[in-house]
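# Observations on chain architecture
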Amino acid sequence: MDPSVMTALLAAVALVCRAAVLEMRTPGAGRRAWAFATDRRALGTGLGVACVLGAVGWATVGGAAVVWAGLAGVLVASLAAERGRSDEGRPPGE
């Protein structure tokens, strides 16, 4: 396995662990952190970014780039999500 694939997987695990810690500190914060998974516009944006980056990465670097493209797609989707104004508009964890 390519070491960069393991690095991308560890970054994804860190995001999941962060959501779990947020949920333990403040009930509901972890669910709000992953609420983008139900936002169609955010998922479409993330999927588009992941497909473009995956195609370019596959052509230039190889299959390991697809994992990084998927992680980038998840991060873009979380940034593109519609956030409610609960908690004075602060993102979870602040």
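See the structure above.
Below, the structure is looked at part by part. Small disclaimer: the values here were computed from a predicted structure and weren't measured.

Thresholds, definitions, all that
Residues numbered from 1 in each chain as written. Predicted model: local features only at pLDDT ≥ 70, side-chain atom pairs only at ≥ 80, totals over all residues. Heavy atoms only, no water. Axes fitted to C-alpha atoms, helices over the stretch in contact; angles between N-to-C directions. Helix = DSSP H or I, 4+ residues; strand = E, 2+ residues; numbered from the N terminus. Parallel < 35°, antiparallel > 145°, perpendicular 65-115°, else oblique. Left-handed = near helix turned anticlockwise from the far one by under 90°. Contact = heavy atoms within 4.5 Å. Nonpolar A, V, L, I, M, F, W, Y, C, P; charged D, E, K, R; others polar. Patch = residues over 30% accessible without salt bridge, like charges linked within 9 Å, V, L, I, M, F, W, Y side chains within 5 Å. Areas by Shrake-Rupley, 256 points an atom, 1.4 Å probe, with all protein chains shown as cover. Salt bridge = Lys/Arg side-chain N within 4 Å of Asp/Glu carboxyl O. Buried < 20%, exposed > 50% of the residue type's maximum accessible area, 1.4 Å probe, protein only. Core = buried A, V, L, I, M, F, W, Y, C linked by side-chain atoms within 4.5 Å.

### Looking at the packing of helix H3 (residues 40–60) against helix H4 (residues 64–80)
Taken N-terminus to C-terminus, the directions of H3 and H4 make an angle of 155°; their axes are 7 Å apart at the nearest point. Taken together, the axes of H3 and H4 lie roughly antiparallel to each other. Crossing handedness for the pair H3 and H4: right-handed. Counted together, Arg41, Ala42, Thr45, Gly46, Val49, Ala50, Leu53, Gly54, Gly57 and Trp58 of H3 and Ala65, Val66, Ala69, Gly70, Ala72, Gly73, Val76, Ala77 and Ala80 of H4 form the full contact between these two elements. Classifying every residue of the contact of H3 with H4 gives 12 nonpolar, six polar and one charged.

### With respect to a nonpolar patch on the surface
Residues Met6, Leu9 and Leu10 make up a contiguous nonpolar surface patch of about 280 Å² in total accessible area. As for its position among the elements, Leu9 is in helix H1 (residues 3–25).

### Some points on the pattern of salt bridges
Applying the stated criterion across every chain, the model contains one salt bridge. Glu23 is the salt-bridge partner of Arg31, the closest N and O atoms lying 3.4 Å from each other. Assessed through its relative accessible area of 25%, Glu23 is described here as partly exposed.

### Considerations on the environment of Val49
Within the secondary structure, Val49 is located in helix H3. Linking Val49 and Ala69, residues 20 residues apart in sequence, is a C-alpha distance of 7.6 Å.

### Examining the nonpolar core
In terms of nonpolar packing, the biggest core is built from five residues, these being Phe36, Ala42, Ala77, Ala80 and Ala81. Excluding residues that lie within four positions of it along the chain, Ala77 makes contacts with Phe36, Ala42 and Gly46.

### Brief notes about the packing of H1 against H4
Remark: H1 packs on H4, axes separated minimally by 8 Å, with the N-to-C direction vectors making an angle of 20°. When the axis of H1 is compared with that of H4, the two are roughly parallel. Helix-helix and strand crossings are classified by hand; for H1 and H4 the assignment is left-handed. Where H1 approaches H4, its residues Ser4, Val5, Thr7, Ala8, Leu9, Ala11, Ala12 and Leu15 are matched on the opposing element by Ala64, Val67, Trp68, Leu71 and Leu75. Its residues assigned to classes, the contact of H1 with H4 comprises 11 nonpolar, two polar and no charged.

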